[in-house]
Amino acid sequence: MPVGVVIRRAPGVTRWAAWSWRAVSVLPGAGAADWRELRRDGDTVEYHAATAVMELHGAETESYLQGISARVPSVYVVMRARVAEDAAARPFEVVLVTASPFEAQDYADTGEEIVEKVAMPEGLVAWVREFVEEHHQEETFKKRRRDKADVSRVEDGIGDPRIHQISDVYRAPASLRKGRVH
């Protein structure tokens, strides 16, 4: 489904950042856009920055289910900073729009992209819920079997008995009983 991304530019709150940019909403079924101005209120401007295709995959239904079951169902917008000559007017490139909190976390872990959490509109929630109901298969819990390793064996000490120093605080107690001092 094509999803438009609305990005808000507001005056920065510090002297180091002239502007604050945030993804504030999404527009399900939106047409193509390239930083079209939607609304202006003083210095605050909202742009329809881009339209990305949001795809749902049958293997990720567990993630979608967790996302729409949250107190505020959300969609995640992944953006990358531009370094081109028009970066002042269009500072971000929308890379991905996803309903999967797990996929968004993967992008956030890299530190290369900016991941914004945006409230999911009701129509989009219904679309994702319908997909999950159709494709989700609950996985049965399988208990793992224990290793055959013997965990009850007695260790003589934590040190290495091959080390023959008096000042060795980690010397194994067996080496003390054998009379080795040096």
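Everything numeric in this text was worked out from a predicted model, so none of it was measured.

> Help me understand the sheet that holds strand β5 (residues 74-81), please; the structure alone is not making it clear to me.
Working definition: the strands of a sheet are paired by backbone hydrogen bonds and lie parallel or antiparallel to each other. Taken in spatial order, the three strands make up an open sheet running β6-β5-β7, and their pairing is antiparallel. Two strands bound the open sheet, and with one partner strand each, they are β6 (92-98) and β7 (114-119). Across this sheet, the average inter-strand angle for adjacent strands is 30°, counted without regard to direction. Taken strand by strand, helix α2 (residues 101-110) contacts β5, β6 and β7, and its axis lies near 145° from that of β6.

> Just to check I follow, could you spell out the packing of aromatic side chains for this structure?
For any pair of aromatic rings, geometry is given as the distance between the ring centres together with the angle between the planes. Scanning all chains against the criterion turns up five aromatic pairs. Relative to Trp-35, the ring of Trp-21 has its centre 5.8 Å away and its plane inclined at 85°; by these criteria the two rings are edge-to-face. A residue pair is termed long-range when its members are at least 10 positions apart, and Trp-21 in strand β2 (residues 19-28) and Trp-35 in the loop between β2 and β3 (36-41) qualify at 14 residues. Among the residues examined, Trp-21 registers a relative accessible area of 16% and is labelled buried.

> What is the right way to read the environment of Gly-42 from this model?
Locating Gly-42 in the fold gives a position in the loop between β3 and β4 (44-53). Looking at Gly-42, the relative accessible area reads 54%, which means it is exposed. Considered as a pair, Gly-42 and Ala-10 are 32 residues apart in the sequence and their alpha carbons are 9.2 Å apart.

Analysis parameters
Residues numbered from 1 in each chain as written. Predicted model: local features only at pLDDT ≥ 70, side-chain atom pairs only at ≥ 80, totals over all residues. Heavy atoms only, no water. Pairing = 2+ DSSP bridges. Helix = DSSP H or I, 4+ residues; strand = E, 2+ residues; numbered from the N terminus. Axes fitted to C-alpha atoms, helices over the stretch in contact; angles between N-to-C directions. Contact = heavy atoms within 4.5 Å. Phe/Tyr/Trp six-rings, centres within 6.5 Å; stacked < 30°, edge-to-face > 60°. Buried < 20%, exposed > 50% of the residue type's maximum accessible area, 1.4 Å probe, protein only.

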